[in-house]
Amino acid sequence: MTRMAIAVNKRRCVGCHTCALSCKMSNNVPDEMLWNRVLTRGADVVDGAVGEYPNLTREYLPVACQHCANAACERVCPTGATHYDEMGRVEIDYDKCVGCRMCMAACPYNARVFNWNEPKRSAGGHYGEKDVPVRPKGVAEKCTLCKERIARGEDKPMCVASCPARARTYGDLDDPNSEVSRLLREKTVEHLQEEKGTKPSVFYYV
Amino acid sequence: MSDVKSTPLPLSRRGFLKGTGAVAGAAACGGLFSTAGWLSPSKAVAEPVEEKICTYHQGHCGGRCPIQCTVRDGRLVMIEPNPHVTEDRYKTMCLKGVSELERIYGEHRIQSPLKRVGERCSGEFEAISWDQAYKEIAEKVHEIQGEYGKGSIAYYGGGECHEPQILKDIMELATFVSEGAVDIGIANGLERAYGFGDTVAYATQESRDWVNSNVVLVMGTNYLETSLTTVRNWFDAQDAGAKFIVVDPNYSTSAGKADQWIPIEPATDAAFVLGMISCMLDEELYDEDFVRNKTSLPFLVNKQTGIILRDHEAGYYDYWVPEENTAEGNPFYVLKDGQVVAFDTVADPDLSGSVVIDGQEYCTQFDILKEKQKPYTLEWASEITHVPAETIAQVARDYAEGPSAFVVGWGGNEKFANADIAGHATALATALTGNIGKPGAGVGCYTCGMWNGHIVYLGAWDTGYEPTEEPTYVDVTTIRTDPESNIHGIFGQGDFTQKFANLALTEEWVKDLDLAVSMDIYFSEATRLSDYILPITSRFEYDEPTGVVTSGYNSIIMQQKVIDPLFEAKTFMTLQRELATALGFDQAKYFPQNNEEYNNATFAAYEYDPWIQSLTHQDLVNANAWLHNPSTVEPRLEFSDQVFTTASGRMDVYYDDLCEVDQAFPTWVPAIEAYEGNPLKETYPLTFYNGHSRYRIHNQFHNAKWLDEVFTTRIELAPADMEARGIKSGEKVEVFNDRGSFTVYAFANPSIRPGTTRMIEGCASRYLDGEGNGGYNSVTNDTVDPRGYLLYSGPQTPFSDTLVEVRKA
């Protein structure tokens, strides 16, 4: 079996949003949509903090599709558009997506965005990987773990490759010798909203 | 599931039904859809023409990231770290680089030459042709220079465009001295103590070496935002056991990742360090061997005059020590067992002692220091900085233990009028502890790869032009107000207004000029003030195969043409050649024929490094625009031989040329406006801190739409300060003081020190809230502390030494 995942080092993440924008670029994500967001955890403003000055803490949390092993979105999709692929990734077949957005209601991570209108690109044209499908109005979209980029032969998704702090690791959780498996074993690990039972493949560690 | 690999664009159910719509959208979508695809499904769409071009991105952040650009059907579609780079640490890029994909095509590009039609500064323009622009500008230039002389037009060259600035030399325009009163504040007090830093206090140590540090003391810099491409070095050092102490009024990103954050009252860094010094003296935490043998502290000084005892009078301090003032030409003197001897004839001279020579009393610098430091107790420092005395003592002990790095920056206290005092105190702390020139130790500004690695300035082009007049120099701090000024025009490549605080005065000055020309990629504050605006290309656009070479992070890098010039923009080189022609010059005499010629010449002229001198333009082309400098495998560490580039060869920490302002050793001076207890705080209670961040580079990127998706331009205040003013987070506010005002959106952020505000520097008024009610420089402080004119680089502009009030707009 294969189960691709991303491990995020919370200590190293400096909240720069390079992953958010390089993902947008690589996957041709339209205006005002992001597949990956960097949250300032617990704060109500970007680069905020928790607590009262000067007793403050801060943690940045990049959040995208968690590629859950027990994905709520996959379970509720009425057409089978959302499905698992051969690498254990949760993917969307845009042709089958009817835009019901049950997946968005079900996902506890707010990982999906929706093409409510004709997608706009103020860049004036398409960008990113050549093989990434252009999504039409009326479909949901989300992190694909850069499946086209990986299929082309790159060894890691764009967010992992572009992180200036080298805070991300990509690999196969079903391979006990992979770096992500080692991190999962050795580090103090957090899965987001573990209690929801979605079994996210993405994990965070210090 | 459709197999997306077999067709570049999936010919799907939706695609088929919406075929017409796709075709109609072809023009807007850069030609990726075509009727051919719809009509012949067996070959879905013509395979797009794709190229990958290696170049480098930005100069002004110091990242100089080597990148690979993908161009598809003539459009820039992807930016990635250059895969040909051999070391992972040089494979970098950041969110700003990525945002260029939209930005260069965006609505804020200057698309054609523009001529002012309204009042100056009103921002009303009409599009004109290049020919008309050149003709009219040339006429005006001849008129002004004919009447007032060549140097009556000033030139400002900014950071976004990296092409060589040649025309200004042929036009004999007036140029600004030093760095134009920025980035030289702390350096003024720090650099001369050891003689390294190019007037902006580049660090003596590469941050890769922090893995050897015991303590990294970070004061007045937000390294994890402003040095984004080298943040790995911070974390690697923490992994290796280095303790990071961040001293900052705000809970910055760096403060949030530090082992210890010390909140401090703005512009009191000098007091903090003076408190540390007292602790180090009292507890004898200084490195005695280093102090005796590697610093000027044992040197004898005339107690009455404060002048250092030399063989003969040294004359005025100069960074470049003339022969007659070096240690050999003009020795210093120390005491050894009470006897006066030349300093380089003994080891371990006395740290303390007095002697009478020719009826004058002399003692050691160390004696003077101990006396000078008496009032600067930990309790005194605590009162000024609002940091507990015990914390200052703890930092002093940690730092003194060593090896320690002392990391200062170009933001923070740098932008207040007392920055040089902080710099001097930092030099003293370094000298007392010997935290320089050994693994794990260093001092200065460590920001970003290019300036923290092996710094190289490749040569300027020799135009062969014979000047007809003496060169004219102008000073940022006086050009607008000097009644004797002979400046009647300005040419700005980039936003020249950003060099000046107090925008109203800048506008007044420009209104009095006869000509203002802006050459820029994007609309800025300066373009609004100009008579003519000439569009130049972004760093991705060229009209020949390559751009020029430059120094990168431990490397030599080159720009290559990624796409053709957009709109009617021209490369700066082409513009310069054409304007030179319009002015009546035979441009072929003075300009390189092309960038290849320029590159070969600039390498050949670089005598300081045989490896660089042997390089050719073709070498860079063959190497995919990035060549690792072979002498930079190990982290850079200056002064490992502990011989300093000073008059004495030691750390010269006593500045006797500053006796007249009592700054031979640092005397505490508060901020010039934003100081505690200023009665002005009754009216304008908030410090207006404007600094650097990950989202911008000076005045650049305020107009990048993709960056807006993660962060919008704003002023930030402490929640209590917002509440007290009845302002909700996200509401529009007016920020004002006696100098002017502007409107912007305000957000409450608990990270901000109460009583202060935080904004990112450089934002042109058009990017604030779209309404153009003043720019952030409308409020900034342009007061010059006269002490600045005694310092090597002159005074710096205290942009953040500014008090404001904020109210709902």
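Heads up: the structure comes first, above all this text.
Residues numbered from 1 in each chain as written. Chains lettered and ligands numbered in written order. Predicted model: local features only at pLDDT ≥ 70, side-chain atom pairs only at ≥ 80, totals over all residues. Heavy atoms only, no water.

**A few points about the sheet that holds strand β15 (residues 360-364) of chain B**
Residue and element names in this part refer to chain B. Read across the open sheet, the three strands follow the order β11-β15-β14; overall the sheet is antiparallel. In this open sheet, the two edge strands, each paired with only one partner strand, are β11 (300-302) and β14 (354-357). Sheet twist, expressed as the average angle between the axes of neighbouring strands with direction ignored, equals 35°. Where β11 lies against β15, three bridges are found, and the strand directions are antiparallel. (Pairing = 2+ DSSP bridges. Helix = DSSP H or I, 4+ residues; strand = E, 2+ residues; numbered from the N terminus. Axes fitted to C-alpha atoms, helices over the stretch in contact; angles between N-to-C directions.)

**Description of the sheet that holds strand β23 (residues 555-560) of chain B**
Residue and element names in this part refer to chain B. Reading across from one edge, β22-β23-β24 is the order of the three strands in this open sheet, with antiparallel pairing throughout. The open sheet has two free edges, formed respectively by β22 (546-552) and β24 (626-628), since each of these has just one partner strand. Pairs of neighbouring strands in the sheet enclose a mean axial angle of 15°, with direction left out of account. Strand direction decides the pairing type here: β22 and β23, joined by five bridges, are antiparallel. Counted as the bridge partner of Thr550 is Ile557 from β23. Lying over the sheet, helix α22 (residues 595-604) contacts β22 and β23, oriented at roughly 25° with respect to β22. (Contact = heavy atoms within 4.5 Å.)

**Things to note about the pairing of strand β9 (residues 243-247) of chain B**
All names here are of chain B. Most of β9 is tucked away: four of the five residues are buried. Pairing geometry for β9 and strand β10 (residues 260-262), over three bridges, is parallel. Counterpart to Ile245 in the pairing with β10 is Gln260. (Buried < 20%, exposed > 50% of the residue type's maximum accessible area, 1.4 Å probe, protein only.)

**Thoughts on the interface of chain B and chain A**
Contact residues are listed per partner, giving 70 residues for chain B and 62 residues for chain A. Buried surface at the junction of chain B and chain A, summed over both partners, amounts to about 5400 Å²; 55% is from carbon and sulfur atoms. On the surface where chain B and chain A come into contact, there are eight salt bridges. Residues Glu709 of chain B and Lys24 of chain A are paired through a salt bridge, measuring 2.8 Å at the closest nitrogen-oxygen approach. Taken together, chain B and chain A are joined by 34 residue pairs in polar contact (both at pLDDT 80 or more). By residue class, the composition of the side of chain B that touches chain A is 38 nonpolar, nine polar and 23 charged. (Buried area = accessible area lost by both parts, 1.4 Å probe. Salt bridge = Lys/Arg side-chain N within 4 Å of Asp/Glu carboxyl O. Polar contact = N/O pair within 3.5 Å; in protein donor to acceptor, adjacent residues only side chain to side chain. Nonpolar A, V, L, I, M, F, W, Y, C, P; charged D, E, K, R; others polar.)

**Comments concerning the packing of helix α11 (residues 269-282) of chain B against helix α15 (residues 389-401) of chain B**
Residue and element names in this part refer to chain B. Taken N-terminus to C-terminus, the directions of α11 and α15 make an angle of 70°; their axes are 8 Å apart at the nearest point. Here α11 is positioned roughly perpendicular relative to α15, judged by the angle of their axes. Here the hand of the crossing between α11 and α15 comes out right-handed. Residues Phe272, Gly275, Met276, Cys279 and Met280 of α11 pack against Ile392, Ala393, Val395, Ala396, Arg397, Tyr399 and Ala400 of α15. (Parallel < 35°, antiparallel > 145°, perpendicular 65-115°, else oblique. Left-handed = near helix turned anticlockwise from the far one by under 90°.)

**With respect to helix α13 (residues 365-372) of chain B**
Since the α-helix packs 3.6 residues into each turn, any two residues three or four apart lie on the same face. Listed in full, the buried residues belonging to α13 of chain B are Gln365, Phe366, Asp367, Leu369 and Lys372 of chain B. Residues of α13 of chain B that are buried make contact with α11, α12 (288-294), β11, β15 and α16 (419-433) of chain B.

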